[in-house]
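Below are the chains, spelled out letter by letter.
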Amino acid sequence: MLTRHTEAETCADPSSVMTLLADSDRTADGFTSYRSTFAKGAVGAPAHFHTKATELFFVISGSLRVLVGEEITVLNAGDFLAVPPHTPHAFAAAPGCEADVLFVFTPGMGRFDYLRLLGRVMRGEADAKEIAESAERFDNHYVDSPLWRAALETTA
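Criteria and thresholds
Residues numbered from 1 in each chain as written. Predicted model: local features only at pLDDT ≥ 70, side-chain atom pairs only at ≥ 80, totals over all residues. Heavy atoms only, no water. Pairing = 2+ DSSP bridges. Helix = DSSP H or I, 4+ residues; strand = E, 2+ residues; numbered from the N terminus. Phe/Tyr/Trp six-rings, centres within 6.5 Å; stacked < 30°, edge-to-face > 60°. Buried < 20%, exposed > 50% of the residue type's maximum accessible area, 1.4 Å probe, protein only. Lys NZ or Arg CZ within 6 Å of the ring centre and 35° of its normal.

### Looking at the pairing of strand β5 (residues 54-68)
By the bridge criterion, eight bridges tie β5 to strand β9 (residues 99-106) in an arrangement that is antiparallel. Bridge pairing in β9 links Val59 to Val101. Of the pairings in the sheet, the one linking β5 to strand β6 (residues 71-76) comprises six bridges and is antiparallel in character. Residue pairing across strands places Leu64 opposite Leu75, the latter belonging to β6. In this antiparallel pair of consecutive strands, β5 and β6, the connection spans two residues, and Gly69 shows a positive phi of 65 degrees. Pairing of β5 with strand β8 (residues 89-93) involves five bridges; the strand directions are antiparallel. Bridge pairing in β8 links Leu67 to Ala90.

### Examining the packing of aromatic side chains
The full count for this structure, using the stated rule, is eight aromatic pairs. Taken together, a centroid distance of 6.3 Å and an interplanar angle of 15 degrees make the contact between Tyr34 and Phe105 stacked. With Tyr34 in strand β3 (residues 32-38) and Phe105 in strand β9, this pair connects stretches of sequence that are 71 residues apart. Across this residue pair, the class does not change: Tyr34 and Phe105 are buried. Through a chain of ring-to-ring contacts, three or more aromatic side chains come together here, namely Tyr34, Phe38, Phe57, Phe91, Phe103 and Phe105. Over the ring of Phe105 we find Arg111, and its NZ or CZ is 4.2 Å from the ring centre.

Encoded structure:
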């Protein structure tokens, strides 16, 4: 599986650019990978969990604030994090920072359509209810996290 940077599809919204690298239907081992560059103050993903996939994070540059379970930490350039299935997590650019992050899901499932949908919702081209309706299809289940909401409010 080879994806050249010049040939990779990108999805942009007001706060990030996602570079789609490998979707599970095109990978022999069934993983999914994309790269996101977050602007300063970008919110990222609200609290959610996956029932099947482990989500891997590698921070290429900048800093990413991450919720894992009931703990918030900051990942910096070179840091790696693996979040196992059924573990609530969320992420955003750390306060005052940009972040460039490589994401990998294993086992993967076709997530590129989900990422495209996110971009459309963020740009106001689709209704947010489509995300909720796609929870099972994309194994992305949103949960409430008062801790995460409070953390985002203190830096808003």
